[in-house]
Every structure is written in structure tokens, then in C-alpha cells.
Amino acid sequence: MISGQRMRLDESLRTRNDLSRPQRKCRPRRLAVSLLVTRQAMTNPDVQEWNFGEMPIGEIAVQFPGATAIFRKHKLDYCCGGAISLAGAVQRRGIALADVENQLARLIPQQTDLPDDSEGIIDLVISRYHDTHRRELPELGQLARRVERVHAEHPEAPIGLSDFLARMDAELGSHMEKEEQVLFPMIREGHPMVRAPISLMRAEHVDHGQTLEALAALTHDMEPPEGACGSWRALYSGLRKLSNDLIDHIHIENNILFPRFNG
């Protein structure tokens, strides 16, 4: 039954956007909830509260997944030069500290209540989880390539992680496209056949749970070894956030949104 539903939904998606996704078997993963929603805009007091300028740039990279992309954009060394304060690092590059601080402030999460209505939940899933996965996975892939290259001889180096993340990005990207282009429009329209794509999405969620288990095994539960460089620590911090986000993403859909439609 699932394979018939999978074929119909894939055909529907290809009609809309010529996209498809390979499937693989997996086993369920236990879900947890934190329900953090990224703040879209920050005020000056938020920036002042964190005082990023006084923090070592390497610690910022570890504590705030996504900061590495900002630092690479501005050519700020958060790895070998990670002990330098952000203020000192930007001064060396001739960059305005306030600009970098405001970009970092947008990475700070805050708790929020889940919307009551299904439309609001769908909007939240797309903005908080889909958009975040699409933004963070490519950056994590770049970090993984760097760590694999620099630490290839280390016994705990996550060899193969960058390729693993590339596959994960492709598979999760295809899944999210199916939700955005097929399932969510059907839910919004009150389509009577919505249970079929919901059943397929649940099956693919099990795939993602197995992917997270494999990711944890490949990275020693995302715990960097003693003395790991800033890039390695930032990579595993970002992977922990990715894993928690994906678990929350699946929880919201499986346990809150889908049951409303007998899915």
C-alpha cells in the first residue's frame, strides 16, 4: 500500500517540479521535543546582552551553529585564531563590529508557543525547520570537508561525513519539496485524499530517524575528541542542533499536524 502511495505522490511531484527521491529501509527513532523557533529579528538590547564583541570568536562558532558561515563570509579566522575576541578579529579585518554582531544575533533561538491552527503550524514548519535545514546543511557539509581534510590521520576523524551530509541534504530536500508542493497544499485545500501523502511522509520520517542514528554513529554521538580544533567543535555543535531540529520537525508533523487529518 505504501509503495502505491509513494508512486502516486512522486508522480504528482514530478508533474509539479520534476523531482524524485530514492527510498531506503530504516527503523524508528525515539523523538524528543524542544520546539525552539529562530528569532527573525533582534533588537539592540539583545546584542548588548550577549556582548559578542568580548567573546572569543572560536567559542561563538561553537555555541551558535551558523556562525561559521558568517565568519567565512567576512574572512574571520575562528579556528586557528579562535582565542581572539570578536572585536579584535573584526578590527584586524577593518569590519564594523555592529554589523557582525547583528548577524550573529539572528542566530539566537527563543521558545515560542506552537500555533493552534493547522495553517499556522504549516507556516511554522516551513519557516523554522525547512528553511533552517536548507540553510544549515550545506554549511555543515563544508565544515565536514575541512575537518576530514585537515584531520585525516586522526583516529576519530569522521571520514565520509561530508558525503553522508550531501546525501542527507538531497534526501531531506526532496522530502521537504514533497511536503511543500504536494502535501501542504492538499491540507490547506481540504483535499479528501490527504491521508495517502501523509502515510508516505510518515514512512519517510522513519528514514530520517535512521539517518540520524547513522549520523550519531559516524560522529561518536557528535562529541569531538579532546583537543579538537574550533572547526571540529563547531561542526559537531551544528550537527547536534540539526539532529534536535529534525527530531522536533518530525514530532510536530507526526504527533500534532497529521493526526488532525486522520493521518
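Structure shown above.
All of these numbers come straight from a predicted model, not from anything done at the bench.

Student: Let's hear about the environment of H205: which residues, and what values?
Tutor: Considering the arrangement of structural elements, one finds H205 in helix α9 (residues 195-218). When its relative accessible area of 4% is taken as the criterion, H205 is described as buried. Taking the C-alpha atoms as reference, H205 lies 8.5 Å from N254; in sequence the two are 49 residues apart. With residues near it in sequence (within four places) discarded, H205 still touches H175, E179, I250, E253, N254 and F258. A polar contact is formed between the side chain of H205 and the side chain of H175, at a distance of 3.2 Å.

Student: Summarise helix α8 (residues 161-189); cite the residues concerned and give the values.
Tutor: Its 29 residues place the ends of α8 40 Å apart at the C-alpha level, agreeing with the 42 Å of an ideal helix rising 1.5 Å per residue. The largest bend in α8 comes to about 40 degrees, at E179. Once α8 ends, the next one or two residues include G190, with phi positive near 70 degrees.

Student: Report on the nonpolar core, specifying residues and quantitative values.
Tutor: With 47 residues, the main nonpolar core has F71, L86, L104, L165 and L239 as its most contacted residues. Taken together, the elements giving at least two residues each to this core come down to α3 (57-63), α4 (67-73), α5 (86-93), α6 (97-105), α7 (118-150), α8, α9 and α10 (230-257). The element that contributes the greatest number of residues to this core is α10, accounting for nine residues. The next biggest cluster of nonpolar side chains, apart from the first, holds 16 residues, and it includes I122, L200, M201 and F258.

Student: Please set out the packing of aromatic side chains residue by residue, giving values where relevant.
Tutor: With the rule as written, the count across this model stands at three aromatic pairs. Where W232 meets Y236, the ring centres are 6.3 Å apart and the plane angle is 85 degrees; that geometry is what we call edge-to-face. Pair noted here: W232 and Y236 are both in helix α10, with a separation of four residues, about one helical turn. Accessibility assignment for this pair places W232 and Y236 in one class, buried.

Student: Mind laying out the pattern of salt bridges, listing which residues take part and the relevant values?
Tutor: Tallied over the full model, the rule gives eleven salt bridges. Salt-bridge contacts for D245 lead to R128; the nearest nitrogen and oxygen are separated by 2.7 Å. Of this pair, D245 sits in helix α10 while R128 sits in helix α7, and the two are 117 residues apart along the sequence. One network of salt bridges, in which partners are shared, links R128, E136, K241 and D245.

Student: Outline the packing of α5 against α6, supporting the account with residue identities and numerical values.
Tutor: Orientation of α5 relative to α6, taken along the N-to-C sense of each, is 130 degrees, at an axis distance of 9 Å. When the interaxial angle is binned, α5 and α6 end up oblique. Seen along the crossing, α5 lies across α6 with a hand that is right-handed. Every residue of α6 that contacts α5 at L86, A87 and V90 is listed here: L97, V100, E101 and L104. Here the contact of α5 with α6 is built from residues that sort into six nonpolar, no polar and one charged.

Definitions and cut-offs
Residues numbered from 1 in each chain as written. Predicted model: local features only at pLDDT ≥ 70, side-chain atom pairs only at ≥ 80, totals over all residues. Heavy atoms only, no water. Helix = DSSP H or I, 4+ residues; strand = E, 2+ residues; numbered from the N terminus. Buried < 20%, exposed > 50% of the residue type's maximum accessible area, 1.4 Å probe, protein only. Contact = heavy atoms within 4.5 Å. Polar contact = N/O pair within 3.5 Å; in protein donor to acceptor, adjacent residues only side chain to side chain. Expected span 1.5 Å × (residues − 1). Bend = angle between axes of the 7 residues up to and from the residue. Core = buried A, V, L, I, M, F, W, Y, C linked by side-chain atoms within 4.5 Å. Phe/Tyr/Trp six-rings, centres within 6.5 Å; stacked < 30°, edge-to-face > 60°. Salt bridge = Lys/Arg side-chain N within 4 Å of Asp/Glu carboxyl O. Axes fitted to C-alpha atoms, helices over the stretch in contact; angles between N-to-C directions. Parallel < 35°, antiparallel > 145°, perpendicular 65-115°, else oblique. Left-handed = near helix turned anticlockwise from the far one by under 90°. Nonpolar A, V, L, I, M, F, W, Y, C, P; charged D, E, K, R; others polar.

Such coordinate-based values are descriptive only and should not be taken to indicate function.
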